[in-house]
Structures are given as structure tokens and as C-alpha cells.
Amino acid sequence: MAIPAEVRRYWLPILLAAAGFLFQLLVLPISFPPTHYYALGIERFAPVERVVEAYEQLSKEWLAETNQQTTVDIIKIRYAYELLTNPILKRDYDLFGLDHHKDVLEKVKEQYQKEHFLKIDLPLLKDSSVQSTDYAFNVLGYESFMHTIADEHPLLIMVYSKGSPRCAQFIEKWKQIGSRLDGVANTAMVELGDVQLTGHFAEQRFSKQPFFRNGLPTLVAYPADCRSPSCYMRYPGELFVDSVVDWVATSVVGLPRILYYSKETLGPEFIGKSGHHKVKVIFFSSTGERAAPFLRQAAQEYSTYASFAFVLWKEDESQIWWNSLGVESAPSLVFLKGPGTFTKSEFTKIMEEHKHQELPQLRSDTSLELGCDARGYSRAGNDIAIWYCVIVAGRPGVELSKRRQILRKAQDQLFSDVDASTSENVDSSVVVSSAAAALKDDRLTFVWLDGEVQKKLCAFYLATDYSGACGPGGFGDDNDKSELFIVRFQRNATFEALKAEKTNNLMEALQRQHTADASQLVARYKGPDEIEETSKVPDLVPEETSKEWIKSTKSIRSAGNSVKQRIQSSGFHFGDYLTDPRIGPALLMSACISMGIIWYKSNQRTQTTEDGAPPKDKTKKRRPRPKLSTSLFGQPEYPADADPEPKDARQWEMTDSDSD
């Protein structure tokens, strides 16, 4: 079937008009349902007295013989009366359009729609009536709110209403959220009646009417660097404890996530890819919930020393974990083996005790941190004049392990002497050894040096060739003898003097550039090394080519910020624009304008065709003037078809005189 020409010509106005009528008839009534004031037949925001008067008038009509109202209509009227006569419910409905008991209305309508209205059990809201029990805590006013957001800690706020049963049910979850965020973010509550505050947290429609998109309670958060009431972040998800805590820890505080691994991926993806120098911290969870915020803080603070992972505990895999890691049940924690749950303080204490499973290796990128270089840096500070480093150097092997064990035992013994001297049970007259005092003041450091990888540094200290302690072992070379030595650093007085003076010439600048910060004296140890082994020494840590593990984790953020989440966080909601009542009239007006334009152009084209004269072409070129050419005798040439010149033709001679 062919489409008529008129329809093809006016397809755009027809489409716009149809869209406008559909919007007015279908979309707009759904977006703007009748209010409870409309059910009572009174004006919007009418006072309570007017509500009671209207309800009494309608209730009298119910018993009349001419009553035409259905049971559902009577239920709507009764529900509107109960809601608008309650001060708290009326306040929430008038200010923010909140109807906390809408589910009760739908349930009663479905229950009594086929019954007589006299059988309705009144009041409708008796099971969900507002209770006067005060379940709120840490409620903020405007002044306390401004003081709280000025704090450096992040802040999570729950906006609630005393008339909302949903808020009362959420209060237990809110307490759990507060306990999990303890030490990471502060929590507080704001009541809906404090309009000066809740006006900041509510969204606005095109009509400037404030509203809460997901109802109450609603959660907003202020990051640590947020000091303005309007710079908050709105929680977009479901009100689950685990989801809320994860959102605050990841999006608000900026803590890293701790990923879950299975029995197939734990080895290759976590243990295999983690640095060999790091402690592996593995949590076994029976619920699959996300890591607590204090665990994420530990993962951020101890990222240089440890890697963290979660494993979901399954009964069919219990034998695997028992055989491999000795884990019997969940929840469990493994880095040494320690089943059970831990508080924040207990976990921090364990991390401090076990962050170093071995003596720190003296690498080229950590020597400055350890204070074992001659560039003038000491762990005790820049004011110290003399400091020491005890170093064992050698190629990886049994000999180096023995030497490292000697250092470990000597270090532990000196720490014991320091602890004994500070104990209250020990006589104050006990004199601490000079080595223990130096260790206590950070003037003494115990380190070890991988001579195979750091052969240049090893040879520099020992002043030997690349055999034995320094350099890679050759074929059949069993000489893995390690060396133990102590380096005495002393600040260079000449350098300090030059640094204090101003640089007046080029020679002084060059002298300052090539002068060492401190002098060093190396003493090799040649005594016996037969000491009983008391603790296990871990395997040697190979030199790392990548330094990513020493970078700060301040920049770690969640990888779950999808495009949808970013759009939601920006406050843009396309559905809000579809409910604008101006859309329908705008579509109808556009249809009329486009129809008029099309009719005008079509009518102008028809009128031109009837006149039969095409429009003049203003760009028509003028006919060029013909050029006259002269013959050989000076006479003009004529074309062949031109008339010949008459015989009696006479040519007048022109003179300059007027008298002729």
C-alpha cells in the first residue's frame, strides 16, 4: 500500500503531534499522580483543621443512600486523612513529597477492594504508627554539622525521619556500619525536620521541589578534603552493610581493594606475582564479604612489606587448605598461621611484629634509608657525627646464611639489653653497653649485602677481587666464603664548613661537589663464627629490577568506577527530564510550526508553476559587444551575409570647426 503524498510531505509534523499527545495522555498522568489533598477535595498544603473538616463531610456522604463512591475511593480518603493529620507525616509529605506508608495503602486496597467499606479495619496505620521511642544517636544540628565537616576525618551522614518505619528498621545496620568504620570515618545522623541541613542533601526537580530519589534513609559522605556543605558524595546503591562500608572505604576514603582468589588462582596470581621480599597475608572468609576498612588501611600502610588476599572458604576444599596452609576452618588468618578473628589493635600489633621476616637487604635503592652510605645521611638524623653499619656480604649460599644468623642473634641480644635497661624491675645503676646504646639511638644498623648482585658495592667495601664474597661464582668455584665487617661513618668537617660558607668562585664549587659528606672506615671481622642456631633464617631475597613495590599507595583507587556509576555520581538523571510537563506543549508547538513551514514552501512552489514564467536569473551575463576589425586599406570588414553599402552613400568629413 502506497503512502499518500500528503502524509509523506507532512511526516515530521504528524510525528511531533503524535508524540505530544501521547506524552500528555500517558506519560504525564503517571508522573504526576493525584495528591492526597485531591482525594479529600481540598487545596494543596491545607492545614490540619481543613483536612478534618473535609473528611467529616465526606464520611457523612458514605452513609447516604446516594453514595456513589467505591470502597477503593473510601480507602484513599481515609488514608489521606490519617497521613495529613499526623504532624510528622504531613511535614515529610508537604516538604519532600515522602509517603512512608505507601505499601500499607496498596495492601489495604488489595485486601478490601471487593468488600463493603464498613468492614474496613480502622485505623489503617495502626500497625505502622509512628513510635515516640528515640532510637537516634549523634544527631547533628547546623552548628555542630559545620564544626564536624571541618574535621580532617571523612564523615558519613544518614538522613532519617522519625515517621519512617524504614529508618527504624535500618538503625541496627547503621550501628554495624559505624562500628566497621571506626577509625576510618566518623558517622552522624540528621533528622528531616532540620530543613536548613536537609535542604543541602535533597535533589531538586525542574519545579525546584526538593525530593529524595530513593526515599529515606539516605546516606551522604564528606571526604577528608571536603570543607563545604555542598561538596558531599551521595551513596547510590542498596542499603546493605557490606555495600555501604565498601563504598565509604573505596570511593570516599580511597583505600585499596583486597581481591578474592580461588584455590586455582591463589598460587599463580597472588603468591607467584607478589614480590619475594613481601609477607603474604591471606584471609579466609566464610561469608564472602569485602575486607574491613582497617584491613585495607593495613594493606595501604604495609604495602612495602606485605601483600594481601582473601579466599572464600568452602567445605569441599577444606582438605586442600588444611594440607597446604594448616587452616582448619574460617574465619582464619595466615601469614604465620593464626586462626581466628582479630581486632584493629591486635592486627596492627601482629603486622608490626612480622612485617620483617628477615634482615633488610642492603640494596642500592635502600642504602640511604638504612643509613649505610657516606652521603651524610644517618637514621639518627643530621646532627649525629658518628654512626655504624654492621654488614655481612657474600654470594647466596650456606655460608652467607650462617653469617646472617650471627647478625640476627647479635641484634636480638642488643635489643634485649635495651629492654632490660628500661625495665622498672632492673636497678638503674646497670650500665648499657655502647653498642646497645647506639642501636637504641639508631646509630647502629645491621644489614646484609648480596655480593653476587651488588658486586661493585661489595668490592668497594672489601677492596678485594670478584672471588669469594663478591661477584658471581665461576664454573666449579665452591669458594662462597662470606665476609663480616663494620663501617664507621664520620661526618666530614671540611664539607660541613664548605656547606656553611657561600660559594664565591668556581674552585670552591668544584671542591664542594667532590668532597664526601662523611668519611668511612671499614673493619673486617676475623673472629670465630660458630654460634648455635636458634631461629630459622629465610631464603635470600634476589635483587629486584622493578621498584614499583616501594611506591606510595596513596594513588590507589577502586577499579569499580564504571560509566554508569560516574553518571549517577554526577547527578544527571535522564528520567527527570521526561516528566517535565513542558515537553508535551513544546512538541505540539513544534508540530504546528513545522507544518506551517512545509505548507508555505509547498504553496509558494505551486504558485510559481501556475504563472508559467520562471524566475529571472539575476546572474545572467550581458552579451559581449562585437569587435570590429579593419582591412588592409583601413576599411571595416563586413560579414558575407551583410547588406552592401549603397552606391549613393556619402561619408561626411568631421572638422573641429562649428561653422562648417
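Owing to the predicted nature of the structure, the values given are computational and were not obtained by experimental measurement.

(A) Inspection of helix H9 (residues 165-180) at higher detail. In a regular helix each residue adds 1.5 Å, so 16 residues correspond to 22 Å; H9 covers 24 Å between its end C-alpha atoms and thus fits that length. Approximately 40° is the largest bend angle found in H9, and it occurs at Ile-171. Here H9 has its buried residues at Cys-167, Phe-170, Ile-171, Trp-174 and Ile-177. Lining the buried residues of H9 we find strand S1 (155-160), strand S2 (186-191), strand S5 (218-222) and helix H11 (241-252).

(B) Looking closely at unusual backbone geometry. With an omega of 0°, the peptide bond between Leu-122 and Pro-123 qualifies as cis. Structurally, Pro-123 can be placed in the loop between helix H7 (102-112) and helix H8 (142-149). Residues Ala-330 and Pro-331 are joined by a peptide bond in cis, for which omega reads 5°. On the secondary structure map, Pro-331 appears in the loop between helix H14 (318-325) and strand S10 (332-334). One non-glycine residue with positive phi stands out, namely Phe-45, at about 65°. If you trace the backbone, Phe-45 turns up in the loop between helix H3 (36-40) and helix H4 (48-62). Note on Phe-45: relative accessible area 45%, which makes it partly exposed.

(C) Structural view of the sheet that holds strand S6 (residues 233-234). Read across the open sheet, the 4 strands follow the order S2-S1-S5-S6; overall the sheet is mixed. A strand with exactly one partner marks an edge of an open sheet, and here the two such strands are S2 and S6.

(D) Structural view of H4. With 15 residues, H4 should reach 21 Å at 1.5 Å per residue; the first-to-last C-alpha distance of 21 Å fits that figure. Those residues of H4 that sit buried are Val-51, Ala-54, Tyr-55, Leu-58 and Trp-62. Taken down its axis, H4 places every buried residue within 100° of arc, on the same side. Away from the buried face of H4 by more than 90 degrees, exposed residues Glu-49, Glu-53 and Lys-60 are located. Tucked inside the fold, the buried residues of H4 contact H3 and helix H5 (71-84).

Thresholds applied
Residues numbered from 1 in each chain as written. Predicted model: local features only at pLDDT ≥ 70, side-chain atom pairs only at ≥ 80, totals over all residues. Heavy atoms only, no water. Helix = DSSP H or I, 4+ residues; strand = E, 2+ residues; numbered from the N terminus. Expected span 1.5 Å × (residues − 1). Bend = angle between axes of the 7 residues up to and from the residue. Buried < 20%, exposed > 50% of the residue type's maximum accessible area, 1.4 Å probe, protein only. Contact = heavy atoms within 4.5 Å. Pairing = 2+ DSSP bridges. Arc of directions from axis to C-beta.

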